[in-house]
Number of protein chains: 2
Amino acid sequence: MKIGQKSVCCIGRPRAFDSEKALEKALEVFWRKGYDGTSLADLTDAMGINKPSLYAAFGNKEQLFIKAVDLYENRPNSVFHDALMQKTAYAVAEYMLYGVADDLADKSHPNGCVIVQGALSCSEAAASVKEALINKRVGHEAKIAERFAEAKAAGDLPTSADPEALARYLGTVLQGMTIQVTNGSDQQQLREIAKMALMAFPQPQ
Amino acid sequence: MKIGQKSVCCIGRPRAFDSEKALEKALEVFWRKGYDGTSLADLTDAMGINKPSLYAAFGNKEQLFIKAVDLYENRPNSVFHDALMQKTAYAVAEYMLYGVADDLADKSHPNGCVIVQGALSCSEAAASVKEALINKRVGHEAKIAERFAEAKAAGDLPTSADPEALARYLGTVLQGMTIQVTNGSDQQQLREIAKMALMAFPQPQ
DNA sequence: TAATTTATTTACCAGTCGGTACATAAATGA
DNA sequence: TCATTTATGTACCGACTGGTAAATAAATTA
């Protein structure tokens, strides 16, 4: 609905910070410290803004967390979406296992996965956040199961295969790998785990 | 060093609570809420004592957590120790996977594993607790690797087997299963995961 | 009974928690 | 220039954080 006007954007004083970059900073803190472990002071320090700006732009701590996790899910190099587009169920699992291994080993961002670690055990104040993350994890597994069901219909998984069980197994290994990296496992070790996990997966043909 | 005297125990006013039971209550709270998510008020409420008693008996929040986790590790029905005593490496893995599946499905205690979830992502105040839990997880895997190395020497694992890689894979699946149960997986589903994970493990003979 | 030792209760500490009221600053359109 | 709108900085809110000082209570030994 662009109307060729010189008005930059909106009425009122323009915000002095980049909303997206501030959200990235917030994500990094939540990722590192979890929801309960992150204070508003941690957030405003990292984001370079003060509390009223944070509340005006993002709602409150909980809504900021959800927005940060949404950003996390839609990261440009998200392994998840690319994996689902592989040609066979085996290739999907393989892409996801090695892709996550490589991503987890990447030291340019905090350890692990914010969806797994953000609010695993938590205070009552974080209960709704915990539930939101559970829904995301379950939803991801459901999408994998759906992809495996397609593969089964397409004939590249045996008729005896259980798409949901396969998805749960794959999810289990991926979630376990996020803990392994916190334990100190490096890229090679994570890829070894991926390789072993694949041995339990129905081979193509 | 029992000397047959009628003195019950010690000098001074006796404590009015059962130290072990209070510790069990503390464990349950930490298990459910994690270290950051648990407040001293949560603890004193659950333990039925007040703060000065807690501090006199257990030190501080951090020391109480460590003591609670020690209690957790030495639970009577701890799968871990029993698993290591099985006759073959495969039997060790099998016992551990199915044992953990059953234990995780047990609704008489909080979900998951306090060693995995207690301080995965956490505040700076919990950094030392996080490190202690990492050490425990790594230590457990090291004991499994040791057991697998014995098995390899005994000839019940192929000479090509890598005991440490096998232990890491097993640990990964077990840790992933603790998250699965929080996601809502039931006993049957956890046992399915255990079954699949075993398919990647070197078969006996 | 008196002195000693330890546990409990109450009340409190400074610091931090998530969140907001209010005054001011910077942009807009009229 | 002026009213309007939105963002910012400061200063504050009550509630809660982990932790403790001090008084009292209950056991011991002498």
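Residue numbering note: each chain is counted from 1, following its sequence as written. Chain letters start at A and ligand numbers start at 1, both assigned in the order the entries are written. Per-residue local features are limited, in this predicted model, to residues with pLDDT of at least 70; the limit for side-chain atom pairs, both in listing and counting, is 80 or more; totals at the level of whole chains, interfaces and linings are taken over all residues. The basis for every side-chain value is the complete set of non-hydrogen atoms in the structure, without hydrogens or water.

A. Molecular detail of the protein's contact with DNA strand C. By convention in these notes, a residue is near a molecule or strand provided one of its non-hydrogen atoms lies within 4 Å of it. Contacts to DNA strand C come from 24 residues, most closely from Leu40(A), Lys51(A), Tyr55(A), Arg13(B) and Ala16(B). The protein-proximal atoms of DNA strand C, defined as those within 4 Å of the protein, are 66% sugar or phosphate. Ala16(B) places a main-chain nitrogen or oxygen 2.6 Å from a phosphate oxygen of DNA strand C. A distance of 2.7 Å separates a phosphate oxygen of DNA strand C from a polar atom in the side chain of Asn50(B). Put simply, the parts of the chain that give the surface near DNA strand C at least two residues each are helix 3 (51–58) of chain A together with helix 3 (51–58) of chain B. Each helix is a run of H or I in the DSSP string that is no shorter than four residues. Each strand is a run of E no shorter than two, and both are numbered from the N terminus. Top element by residues in the surface near DNA strand C is helix 3 of chain A. It accounts for three residues. In the surface near DNA strand C, the residues fall into eleven nonpolar, eight polar and five charged. Identification of polar contacts relies on pairs of N or O atoms within 3.5 Å, with a donor-acceptor requirement for protein atoms, meaning one able to donate a hydrogen and the other able to accept it, and with residues adjacent in sequence counted only if both atoms are side-chain atoms. Nonpolar residues are Ala, Val, Leu, Ile, Met, Phe, Trp, Tyr, Cys and Pro. Charged residues are Asp, Glu, Lys and Arg, and all others, Gly as well, are polar.

B. Up close: the interface of chain A and chain B. Whether two residues are in contact is decided by their heavy atoms, any of which lying within 4.5 Å being enough. Every contact between the two is made by 41 residues of chain A and, on the other side, 41 residues of chain B. Summed over both partners, the accessible surface that disappears when two parts come together, traced with a 1.4 Å probe, is what is meant by buried area. Area buried by chain A at its contact with chain B is led by Ser121(A), Arg168(A) and Met196(A), which between them contribute 17% of it. Salt bridge criterion: a side-chain nitrogen from Lys or Arg within 4 Å of a carboxyl oxygen from Asp or Glu. Linking chain A to chain B there are four salt bridges. Between Glu124(A) and Lys33(B) there is a salt bridge whose closest N-O contact spans 3.0 Å. Taken together, the links from chain A to chain B amount to 13 residue pairs in polar contact (both at pLDDT 80 or more). Listed by contribution, the elements that provide at least two residues to the side of chain A that touches chain B are helix 1 (19–37), helix 7 (114–117), helix 8 (127–154), helix 9 (163–183) and helix 10 (187–199) of chain A. For the side of chain A that touches chain B, the leading source of residues is helix 9 of chain A, giving 14 residues.

C. Geometry of the side chain of Ser78(A). Residue and element names in this part refer to chain A. Turning to its location among the elements, serine 78 is positioned in the loop between helix 4 (61–73) and helix 5 (79–84). Only protein chains enter the area calculation, which uses a 1.4 Å probe; residues under 20% of their type maximum are buried, those over 50% are exposed, and those in between are partly exposed. Judged by relative accessible area, serine 78 falls into the buried class, the value being 10%. Within the structure, the side chain of serine 78 is placed 3.3 Å from the side chain of histidine 81, a separation counted as a polar contact.

D. Structural detail: empty space enclosed by the protein. Lining residues are defined by having an atom within 4 Å of a point belonging to a cavity or pocket. Those points lie on a 1 Å grid over the protein atoms alone, cavities being sets where a 1.4 Å probe fits but cannot get out and pockets being open sets with protein on both sides within 12 Å along at least five of seven lines. Grid points are joined across faces, edges and corners, and a volume is the space filled by probe spheres set on the points. Throughout the structure, instances matching the rule amount to one cavity of 30 Å³ or more. Approximately 140 Å³ is the volume found for the largest cavity. Along the wall of the largest cavity there are 22 residues; nearest its centre are Asp36(A), Gln117(A), Ser121(A), Gln117(B) and Ser121(B). At the level of elements, helix 1 of chain A together with helix 1 (19–37) of chain B are the ones that each hand at least two residues to the lining of the largest cavity. For the lining of the largest cavity, the residue count by class is eight nonpolar, ten polar and four charged.

E. Here's a closer look at the protein's contact with DNA strand D. Around DNA strand D sit 24 residues, and of these Ala16(A), Asn50(A), Leu40(B), Lys51(B) and Tyr55(B) come closest. Here, DNA strand D places atoms within 4 Å of the protein, and 68% of those atoms are sugar or phosphate. The greatest single-element share of the surface near DNA strand D, amounting to three residues, is contributed by helix 3 of chain B. Taken together, the residues of the surface near DNA strand D break down into eleven nonpolar, eight polar and five charged.

F. Structural detail: helix 2 (residues 40–47) of chain A. Residues and elements named next belong to chain A. Taken together, the buried positions of helix 2 are Leu43, Thr44 and Met47. On an axial view of helix 2, the arc spanned by its buried residues comes to 90 degrees, and they lie on one face. Structurally, helix 2 contributes buried residues whose contacts are with helix 1, helix 3 and helix 4. The first or second residue beyond helix 2 is glycine 48, which carries a positive phi of 70 degrees. To be clear, the arc concerns the directions from the helix axis to the C-beta atoms.

G. Highlighting helix 3 of chain A. Residues and elements named next belong to chain A. Listed as buried for helix 3 are Leu54, Ala57 and Phe58. The buried residues of helix 3 occupy an angular sector of 80 degrees when projected down its axis, which confines them to one face. Exposed residues lying more than 90 degrees from the buried face of helix 3 are Pro52 and Ala56. Downstream of helix 3 by one or two residues, glycine 59 has phi in the positive range, about 95 degrees.

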